[in-house]
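The primary structure of each chain is shown beneath.
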Amino acid sequence: MNTAQAAVFTPATRAFDVREYPVAQPGPGHVGLSLRYSGICGTDVHIAEGKLGPMPFPLILGHEFIGRIEALGADAVTDALGRPVAVGDLALACVAVPCGKCFNCLRGETASCLAFGVTYAKPVEEAPHFHGGFAGYQEIQWRNIVRIPDGLDPKAVAAFPCGGPTILRACAYGGGLEKDELVVVQGNGSLGLFATAYAKAKGCRTVCIGSSANARRLEATRAFGPDVFIDFRSTDADGVRKRVREEAEAAGRGDGADVCIETSGDPAAFPLGLSLLRTRGRYFVPGQYSDRGEIAIPPHTITFRALQIIGSGQYTLDDIRAYLDFLAEHPALQPRFASVLSCYAVADVQTAMADAAAGRAIKAVFARE
Ligand SMILES: [Zn+2]
Ligand SMILES: [Zn+2]
């Protein structure tokens, strides 16, 4: 591979253009990966729409790169988890760089680092150019890759490489999910689909509140097997509360859901979620990633019903390991995960981004199969 394509984003104009850069031998401590799958995350859409922090230079977005190791720089002999790596292995690149020095990092809470960096926030003209995921190639430190175990379908891994670890971190912060708990998932985007699959796999009675506007998304939601699906467009808040209370009564779980997981990102979902929980219920909130404004809530309900509200925004390398382990432990889920992908060439970045933003693709990925 002498050159590779990259979709370069210019924040000032919010435009992508496709450029070709030379592929060089990776520097010390770095590995070179050729594209297999590289997902477009909601975060990328938000950045492209100017809704997240400004970046001052043209760069390559993308933080869900799965590639084949083509070359290893000096001293790059293992992945971030200390497992040996070799040319030909598949690996997932994690772009997060916790500082390792702040109060939270020193407590081991690297997912909540106070000075997070990302590997791709570099000008594309700076060698080795391939800092981000929207490209045919990526060069990244060995400390930021996790080897994908043999036997795991990379196409399945590509379904939720960010959403999966995000949900797993929120669950870890919130004490996990227990068998037979009643779990309500708000939203059926990437986070919501993974949360639904995960809650079902943990043996929870699972209610998904989502949209049926897109037939493919509805089909994917149903494939992940929620016990109840509620279309939020055709059911008002009272209707949702009534349905969840009936489920709680039938399951003998008290006055509401044990756990509610907010993945929709809609501020209006928050007071609804609070009202669905049982007394002492846990509300996991990993979905309000971009600031979409304020909403009124009745705080007394938190006090009187002793609710537990758990926020979570990022994830750790260990959460990626947990995501890969989860997939390995549930092989039947792999084809279902793989089925949500819509694949695009890097050169088709405009179409891919438009389809991701409009929800036409359930999971848009750049791919070389
Ligand atoms: Zn993401
Ligand atoms: Zn830190």
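Positions within a chain are numbered from 1, following the residues in the order the chain's sequence is written. A letter from A marks each chain and a number from 1 marks each ligand, given out in the order of writing. Predicted model: local features are reported for residues with pLDDT of at least 70 only, side-chain atom pairs are reported and counted for 80 or more only, and whole-chain, interface and lining totals are derived from all residues.

J.: Please give an account of the pairing of strand β4 (residues 65-72) that cites residues and values.
T.: Bridge analysis of strand β3 (residues 30-39) against β4 gives seven bridges, and the strand direction is antiparallel. Note that in β4 the partner of Gly32 across the bridge is Ala71. A strand pair is defined by DSSP finding two or more bridges across the two strands. Here a helix means four or more residues in a row that DSSP labels H or I, a strand means two or more in a row labelled E, and each is numbered from the N terminus. Note: β4 against strand β5 (residues 90-93), three bridges, orientation antiparallel. Residue Gly67 lies in a different strand from β5, and its bridge partner there is Ala91.

J.: Residue-level account of the nonpolar core, with values.
T.: Note on terminology: a nonpolar core is any set of buried Ala, Val, Leu, Ile, Met, Phe, Trp, Tyr and Cys residues joined through C-beta atoms within 7 Å. Whether a residue is buried, exposed or partly exposed follows from its count of other C-beta atoms within 10 Å of its own C-beta, namely 20 or more, 12 or fewer, or something in between, respectively; the C-beta atoms are built from the backbone. Ala6, Ile60, Ala91, Leu92, Ala135, Val183 and Ala257 are the most contacted members of the largest nonpolar core, which has 110 residues in total. Considering each element in turn, this core owes the most residues, seven residues, to helix α5 (residues 190-201). For this core, the two domains that each supply at least three residues are domain 1 (3-161 + 315-367) and domain 2 (164-311). For Ile60, the residues in contact, after removing those within four places along its chain, are Ala6, Ala7, Val8, Tyr120, Val124, Phe130, His131, Gly132, Phe134 and Ala135. What fixes the domain bounds is an automatic or database domain assignment. Here, residue contact means that the backbone-derived C-beta atoms of the two residues sit within 7 Å.

J.: Can you explain helix α10 (residues 317-329)? Please cite residues and give values.
T.: In an α-helix, one turn spans 3.6 residues, which is why side chains three or four residues apart end up on the same side. Helix length check: α10 (13 residues) gives 18 Å between terminal C-alpha atoms against 18 Å at 1.5 Å per residue, within 8%. Inspection of α10 places Leu317, Asp319, Ile320, Arg321, Tyr323, Leu324 and Leu327 among the buried residues, and these make up the whole buried set. Tucked into the core, α10 has its buried residues touching β5, β9 (145-147), α3 (154-157), α4 (163-173) and α11 (333-338). A helix is expected to span 1.5 Å multiplied by its residue count minus one.

J.: Lay out unusual backbone geometry with the relevant residues and their values.
T.: Going from Ala127 to Pro128, the amide bond is cis rather than trans, its omega being 5 degrees. Here Pro128 lies in the loop between β7 (117-118) and β8 (137-141). In the Ramachandran plot, His129 falls in the positive-phi region, its phi being about 70 degrees despite a non-glycine side chain. On the secondary structure map, His129 appears in the loop between β7 and β8. Not every positive phi belongs to a glycine, and Asp180 is a case in point at roughly 75 degrees. Locating Asp180 in the fold gives a position in the loop between α4 and β10 (182-186).

J.: Give a detailed account of the sheet that holds strand β14 (residues 277-285), specifying residues and quantitative values.
T.: Spatially, β12-β11-β10-β13-β14-β15 is the arrangement adopted by the six strands of the open sheet, whose pairing is parallel. Where the open sheet ends on each side, the last strands, each with one partner, are β12 (228-231) and β15 (308-311). Within the sheet, the average angular offset between the axes of one strand and its neighbour, ignoring direction, is 15 degrees. Sheet topology places strand β13 (residues 257-262) next to β14; four bridges connect them, and they run parallel. Following the sheet pairing, Ala257 is matched in β14 by Leu277. The angle between two axes is taken between their N-to-C directions and runs from 0 to 180 degrees, where each axis is a line fitted to C-alpha atoms and a helix contributes only its stretch in contact. Most of the contacts of helix α7 (residues 237-251) go to strand β11 (residues 205-210), to which it runs at about 175 degrees, and overall it touches β10, β11, β12, β13 and β14. With respect to the sheet, helix α8 (residues 269-276) is in contact with β10, β13 and β14, its orientation differing from that of β13 by roughly 165 degrees.

J.: Could you give an account of the domain arrangement of the protein chain, with specific residues and numbers?
T.: Accessible area lost when the parts come together is the quantity often used to give the size of an interface. Taken as a whole, the protein chain is organised into domain 1 (3-161 + 315-367) and domain 2 (164-311). Relative to domain 2, the C-alpha centre of domain 1 lies at a distance of 28 Å. Contacts between the two partners involve 21 residues from domain 1 and, on the opposite side, 19 residues from domain 2. Those elements giving two or more residues to the side of domain 1 that touches domain 2 turn out to be α1 (42-48), α10 and α11. Residue contributions to the side of domain 1 that touches domain 2 peak at four residues, all from α10. Tallied by class, residues from the side of domain 1 that touches domain 2 come to eleven nonpolar, six polar and four charged. Here the nonpolar group is Ala, Val, Leu, Ile, Met, Phe, Trp, Tyr, Cys and Pro; Asp, Glu, Lys and Arg are the charged ones; every other residue, Gly included, is treated as polar.

J.: So what about the packing of α7 against α8? Which residues, and what values?
T.: If you want to describe how two helices pack, look at the angle between their axes and the distance between the axes. At a minimum axis separation of 10 Å, α7 and α8 run at an interaxial angle of 30 degrees. With respect to α8, the axis of α7 lies roughly parallel. Here α7 and α8 pass one another in a crossing that is right-handed. Contacts between α7 and α8 involve Ala237, Val240, Arg241 and Val244 on the former and, on the latter, Leu272, Ser275 and Leu276. Here the residues of the contact of α7 with α8 are counted per class, giving five nonpolar, one polar and one charged. Oblique is the label for any angle not under 35 degrees, not over 145, and not in the 65 to 115 range, which are roughly parallel, roughly antiparallel and roughly perpendicular in turn. The hand of a helix crossing depends on one turn: near helix anticlockwise from the far one by less than a right angle means left-handed, and clockwise means right-handed.

J.: Residue-level account of helix α12 (residues 349-358), with values.
T.: Buried within α12 we find Val349, Ala352, Met353 and Ala356. Axial view of α12: buried residues confined to an arc of 95 degrees, hence all on one face. For α12, the secondary structure elements touched by its buried residues are β1 (3-10), β2 (15-22), α1, β16 (341-344) and β17 (363-367). With its phi angle positive at about 75 degrees, Gly359 sits one or two positions after the end of α12. Relevant arc is that of directions from the helix axis to the C-beta atoms, nothing else.

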